[in-house]
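Here is how the chains run, residue by residue.
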Amino acid sequence: MNNILDGKKTAATIKDEIARAVEELQAVGSKKPHLAAILVGNDGGSVTYVNAKMRDCAEVGFESTLIHLEESVSEDKLMEEIKKLNDNPDVDGFIVQLPLPKHINEKRVIMAIRPDKDVDGFHPQNVGNMMLNFPGFLPATPYGIVQLIKRHGIETSGKHCVVVGRSHIVGSPVSVLMARNAYPGNCTVTLCHSRTKNLKELCQQADILICALGKPEFIQADMVKEGSVIIDVGTTRVPDSSRKSGFRLKGDVDFEAVAPKASFITPVPGGVGPMTRAMLLKNTLEAVQGKAY
Ligand code: GUN
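Figured I'd write up the structure that's included with this text. (Residues numbered from 1 in each chain as written. Predicted model: local features only at pLDDT ≥ 70, side-chain atom pairs only at ≥ 80, totals over all residues. Heavy atoms only, no water.)

What follows is about the site of the ligand. The full set of residues close to the ligand is Lys53, Val96, Gln97, Leu98, Asp120 and Phe122. Within the backbone of Leu98, a nitrogen or oxygen atom sits 2.9 Å from a nitrogen atom of the ligand. At 2.6 Å, a side-chain N or O of Asp120 approaches a nitrogen atom of the ligand. Summarising the interface, the protein chains cover 82% of the accessible area of the ligand, which totals 280 Å² for the free molecule. Residues that form the shell around the ligand fall into these classes: three nonpolar, one polar and two charged. (Near = heavy atom within 4 Å. Polar contact = N/O pair within 3.5 Å; in protein donor to acceptor, adjacent residues only side chain to side chain. Areas by Shrake-Rupley, 256 points an atom, 1.4 Å probe, with all protein chains shown as cover. Nonpolar A, V, L, I, M, F, W, Y, C, P; charged D, E, K, R; others polar.)

Next up, the structure:
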């Protein structure tokens, strides 16, 4: 099929660009960009994602540091680790992998991260900058989605973009980016969520449909318009005894059924996921280059 939005390939191109920028920085005597990650506990998905992010760093020539804290760690101890990273001049950017255990106040954690090192773009200062189209860090998944659209030359101006899911990490910020007076952007955006009444009808009206609700194969062929662009952010683990891991990833879209109707569609895996990882690296590079602050 030639209508695939190949996130793996696009992310590889972006990583090559980042690796070249690192070489240029080092050629003028700068240190390597340094990304740190704090991981609390042993949630299977989070461990996999954070390890992958650390591997990505090595691939593009970044330094990386993983701080792995036990599930029962106190909120105060976590805050201490955040302060150390905030104050460490060698660390250019860092993330605290979410979700956090229930006894930890996520809001307090996000607020504690220095905005100019918040390469996840979750701090309210970065969220505000995004709303105003000011420089700052964009959250990696929405940033990856708009890059995927841009690098495939997809027209967005005046289009109806329907976003399903209003999370702080994906749905809400991508709805803002797609509505901005920019490219990609200038869409008329409808943000759907669990209380939306006529979801099917709204999805049928979408020129660009962005699905981030975490329900495997929720979007079926009768819910999409012929020729639409389909972006699938879902990555639910479903049991698969034929795999060594015992699971495989499933998107929010029934790919087999929907792909024949789409002008472009992202696969799962290999669509939005690799783009998210690439954009975290991009934000870290931008932290070093002083582009965001
Ligand atoms: N959990 C799921 N996605 C993300 C992300 O982009 N950043 C962090 N820190 N945690 C996540």
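Another point: the pattern of salt bridges. In total, this model carries 17 salt bridges according to the counting rule given. Residues Lys15 and Asp56 are paired through a salt bridge, measuring 3.2 Å at the closest nitrogen-oxygen approach. In this pair, Lys15 is assigned in helix α1 (residues 7-27) and Asp56 in helix α2 (residues 44-60), connecting sequence segments 41 residues apart. With respect to burial, Lys15 and Asp56 carry one shared label: buried. Arg114 is the partner of Asp116 in a salt bridge, and the nearest nitrogen-oxygen pair spans 2.8 Å. A relative accessible area of 29% means that Asp116 is categorised as partly exposed. Arg114 gets classed as partly exposed once you look at its relative accessible area, which sits at 35%. Sharing partners across several salt bridges, the network here consists of Lys15, Asp56, Glu59 and Arg277. (Salt bridge = Lys/Arg side-chain N within 4 Å of Asp/Glu carboxyl O. Helix = DSSP H or I, 4+ residues; strand = E, 2+ residues; numbered from the N terminus. Buried < 20%, exposed > 50% of the residue type's maximum accessible area, 1.4 Å probe, protein only.)

Turning next to the sheet that holds strand β10 (residues 264-265). Read across the open sheet, the five strands follow the order β5-β4-β6-β7-β10; overall the sheet is parallel. Two strands in the sheet have a free side with no partner beyond their single neighbour: β5 (188-192) and β10. Here strand β6 (residues 208-211) pairs with strand β7 (residues 229-232) via four bridges, running parallel. Across the sheet, Ile208 pairs through a bridge with Val229, a residue of β7. (Pairing = 2+ DSSP bridges.)

This part is about the pairing of strand β1 (residues 34-40). Across the seven residues of β1, seven count as buried, placing the element largely inside the fold. Residues His34, Ala36, Ile38 and Val40 point to one face of β1 and Leu35, Ala37 and Leu39 to the other, with burial holding for every one of them. Sheet topology note: the β1/strand β2 (residues 63-69) ladder contains seven bridges and is parallel. Following the sheet pairing, Val40 is matched in β2 by Leu69. By the bridge criterion, four bridges tie β1 to strand β3 (residues 93-96) in an arrangement that is parallel. Looking at the pairing, Ala36 lines up with Phe94 of β3.

Quick look at the nonpolar core now. Judged by nonpolar contacts, the single largest core of 50 residues is most densely connected at Ile18, Phe62, Ile145, Met178, Ile210, Ile231 and Val233. If near-sequence neighbours (up to four positions away) are discounted, Phe62 is found in contact with Ile18, Val22, Pro33, Cys57, Leu281, Thr284 and Leu285. Within the second largest apolar cluster, 20 residues are counted, among which are Ala36, Leu78, Ile82 and Val91. (Core = buried A, V, L, I, M, F, W, Y, C linked by side-chain atoms within 4.5 Å. Contact = heavy atoms within 4.5 Å.)

Once that is clear, we can look at the sheet that holds β1. An order of β2-β1-β3 is seen for the three strands of this open sheet, with the pairing classed as parallel. Looking at which strands have only one partner, the edges of the open sheet turn out to be β2 and β3. In this sheet, neighbouring strand axes are inclined to one another by 15° on average, regardless of whether the strands run parallel or antiparallel. Against the sheet, helix α3 (residues 75-87) touches β1, β2 and β3, its axis set at about 180° to β1. (Axes fitted to C-alpha atoms, helices over the stretch in contact; angles between N-to-C directions.)

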